[in-house]
Amino acid sequence: ALCRQSQTLASLGVVSATCVSKVELRVSCKHLLDRDTLNKSDPCVVLLTQSQGQWMEVDRSEVMKSNLNPVFSKVFTVDYYFEEVQKLRFEVYDSHGHASLGTHDDDFLGGMECTVGQIVAQKRVNKPLFLKYGKYAGKSTITVSVAEEISGNNGYVELAFRAKKLDDKDLFSKSDPFLEIYRINDDRSEQLVYRTEVCRSCLQGLTKGAGDSAAGPTRCQCIVWDYDSRGKHDFIGEFYTTFEEMQKATGGNKVQWDCMNPKYKMKKRNYKNSGAVILLDMKLHRVYSFLDYIMGGCQIHFTVAIDFTASNGDPRNSCSLHYINPYQPNEYLKALVAVGEICQDYDSDKKFSALGFGARIPPKYEVSHDFAINFNPDDDECEGIQGVVESYQNCLPKIQLYGPTNVSPIISKVARVAAAEERTKEASQYYILLILTDGVVTDMADTREAIVRASYLPMSIIIVGVGNADFTDMQILDGDDGTLRSPKGEPVLRDIVQFVPFREFKNASPTALAKCVLAEVPKQVVEYYSYKALPPRCPKADSPDSTLNSPQ
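All values reported here derive from a predicted model rather than from experimental measurement.

Student: Whenever I open this one, the overall build of the chain confuses me. Can you help?
Tutor: The helix and strand inventory of the chain stands at 11 helices and 26 strands. Within the chain, residue pairs in contact and separated by at least 24 positions form 73% of the contacts whose partners lie at least 6 positions apart. Within the structure as shown, the chain displays about 25400 Å² of accessible surface, and the carbon and sulfur contribution to it stands at 48%.

Student: So what exactly am I meant to see when it comes to the nonpolar core here?
Tutor: Grouped burial of nonpolar side chains is what soluble globular proteins tend to show. Counting residues in hydrophobic clusters, the biggest one holds 92 residues, and the most contacted among them are L25, F90, F302, F308 and L518. Among the elements that line this core, the one with the most residues is helix α5 (residues 331–343), at 8 residues. Setting aside anything within four residues of it in sequence, one finds F90 in contact with L25, V27, V45, V46, L47, G110, G111, M112, C114, I142 and V144. Formed by 31 residues, the second largest nonpolar core is a distinct cluster that contains V407, I435, V492 and F499.

Student: How should I be thinking about the pattern of salt bridges in this particular structure?
Tutor: Two side chains with opposite charge may pair up if their charged atoms get near one another. This structure, assessed with the given rule, holds 17 salt bridges. Close ionic contact of R316 with D314 constitutes a salt bridge, the shortest N to O distance being 2.9 Å. A relative accessible area of 74% places R316 in the exposed class. Residue class for D314 comes out partly exposed when judged on its relative accessible area of 36%. K532 serves as the salt-bridge partner of E422, at 2.7 Å between the closest nitrogen and oxygen. Here E422 is found in helix α7 (residues 408–422), whereas its partner K532 is found in the segment after α11 (521–531), with 110 residues between them in sequence. On the basis of relative accessible area, E422 is assigned to the partly exposed category, the value being 22%. Overlapping salt bridges, with partners in common, bring together E62, E180 and R195 in one network.

Student: What is the right way to read the confidence of the model for the chain from this model?
Tutor: Detailed conclusions should not be drawn from predicted coordinates in areas where pLDDT is low. On average, residues of the chain carry a pLDDT of 85, and 85% of them reach 70 or more. Residue range residues 206–216 is modelled with pLDDT below 50. Its contacts to residues more than four positions away, or to other chains, number 54 contacts. Low pLDDT, under 50, characterises residues 540–552; the stretch is placed with 29 contacts to residues that sit more than four places away or in other chains.

Student: Even after reading the chapter, I still don't get the packing of aromatic side chains, so can you show me in this structure?
Tutor: To describe a pair of aromatic rings, one takes the distance between the centres and the angle between the planes. Throughout the structure, instances matching the rule amount to 18 aromatic pairs. Ring centres 5.0 Å apart and planes at 50° place the aromatic pair F82 and Y346 in the tilted group. Of the two residues, F82 sits in the loop between β5 (76–80) and β6 (87–94) while Y346 sits in the loop between α5 and β18 (351–357), which places them 264 residues apart along the sequence. The same class applies to F82 as to Y346, namely buried. Considering the side-chain rings of Y288 and Y293, the 6.3 Å spacing of their centres and the 55° angle between planes classify their relative orientation as tilted. Put simply, the rings of Y288, Y293, Y430, Y528 and Y529 pair up and form one aromatic cluster. Between the NZ or CZ atom of K268 and the centre of the ring of Y264, over which it lies, the distance is 4.2 Å. One Lys or Arg, R360, reaches over the ring of Y402 and ends 3.9 Å from the middle of that ring.

Student: It is not clear to me how the sheet that holds strand β14 (residues 234–242) should be interpreted in this structure. Could you clarify?
Tutor: Strands in a sheet are paired, the pairing made by backbone hydrogen bonds, and the direction either parallel or antiparallel. If you walk across this open sheet you meet the 4 strands as β12-β11-β13-β14, and the pairing is antiparallel. Each edge of the open sheet is held by one strand with a lone partner, namely β12 (190–195) and β14. Averaged over neighbouring strand pairs, the angle between their axes works out to 25° when direction is ignored. Of the pairings in the sheet, the one linking strand β11 (residues 177–184) to β12 comprises 5 bridges and is antiparallel in character. Within the sheet, the bridge partner assigned to Y182 lies in β12 and is L192.

Cut-offs and rules
- Residues numbered from 1 in each chain as written.
- Predicted model: local features only at pLDDT ≥ 70, side-chain atom pairs only at ≥ 80, totals over all residues.
- Heavy atoms only, no water.
- Helix = DSSP H or I, 4+ residues; strand = E, 2+ residues; numbered from the N terminus.
- Contact = heavy atoms within 4.5 Å.
- Areas by Shrake-Rupley, 256 points an atom, 1.4 Å probe, with all protein chains shown as cover.
- Core = buried A, V, L, I, M, F, W, Y, C linked by side-chain atoms within 4.5 Å.
- Buried < 20%, exposed > 50% of the residue type's maximum accessible area, 1.4 Å probe, protein only.
- Salt bridge = Lys/Arg side-chain N within 4 Å of Asp/Glu carboxyl O.
- pLDDT = per-residue confidence, 0-100.
- Phe/Tyr/Trp six-rings, centres within 6.5 Å; stacked < 30°, edge-to-face > 60°.
- Lys NZ or Arg CZ within 6 Å of the ring centre and 35° of its normal.
- Pairing = 2+ DSSP bridges.
- Axes fitted to C-alpha atoms, helices over the stretch in contact; angles between N-to-C directions.

In structure tokens:
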């Protein structure tokens, strides 16, 4: 019997704004509460997603018998949109064998909330489990890791295994073996990659399994078990290998490992092995996707540029686009928060550059088109999106709205930072510049030139038109109706600009704007790194799991 395993390595290239990706998530828990009197808890994980403020169950894992530290083989598949904040909730229950969970017959062991963006950006999120009312569930923790992005054109690897002469662990029949493959991470932690089906009464093979997706391990541990219906599987043996060694099983070549039981090896003088596992064939196809770059450590750096020209109106006047209403954020704040909340999941330090243009600034009150709104010329970054909001509100009384509406200086400023990143020849930083303006730019020729130059760099530009001005002339920058060219006729290398008038989303939810302007970013990221022929970086050894200790 053969076990043919299909493992996704990466998906191909361009992600359409209208096409959803799917992400595979794997779950494990540690130190779960023991709710059973005679045995240990039988945990099961339920995955819920939030829709219109309501939590809805979408899937659940298998039940792990008598296990307080379960590693679930169930792969949760969720839709993934870069341009949305997608909230997830994982709930762990002690199952009593009934079809439904969440009733009085099942004990709640704890829950955890996070976003899909946090998981894919950090690769692995480890958080404590909480009971109701924000109470810690003892020392219980849950780890959610992203296995892979999957789509219709994914790369994949297929592994065909066979076993022979495995030790017989059963008294009246042959063993029922199955194989588990664990990836060994750089920090020496292990992640379950694949668990085969059980081969009943079989010492010469492993069962044929359905294709499963996971990242190809560099180094892995393979364990052969004899299945037990009560969950107390008997250990047959193990072996260690590398992904490189597996790749030798091509062109008719086979790779064989001794299945070793360390205890038998120590106790038995003539012990050789507990059987053998043979890799008959391996087929590998490798390509890269947006999530490959994100999980390879690529950070999305977010910069916002705000229009402080006089046409916005006096901020002290309630008719001004910059008026600060304590009960209702203005359009600048709505656009800033909608886009910033998405990008913050992909920036590890959560610091964002915040710039202004078109105002007279202290101390000399000269016109500036690229000043830091925190008035720190040496460090224009703010702590989190809330820090940007506070800096914006604090700077309004200190500046004089003026003009004109020149945006090319800020595009060039961010481009210089992106150019320095380009010289590293690594896929480590990609830049998103959000420009919020109330009118058509004055320096159109210079702006077109700056955009053409920027199209060769790791950056994208989003322009949101605030207010009721006629933005017809701004559509030329978007390039959707034709290729944007510099004044000298040079075309952009990539379409990196997205322009939308905010008024089209005035009556929509805040997330609608973010969906519109950010949907093309994954495509733009992949296009740039594909053009530069830059693969994802090899992830550095993971720091201690990203643990957020506040109740959800």
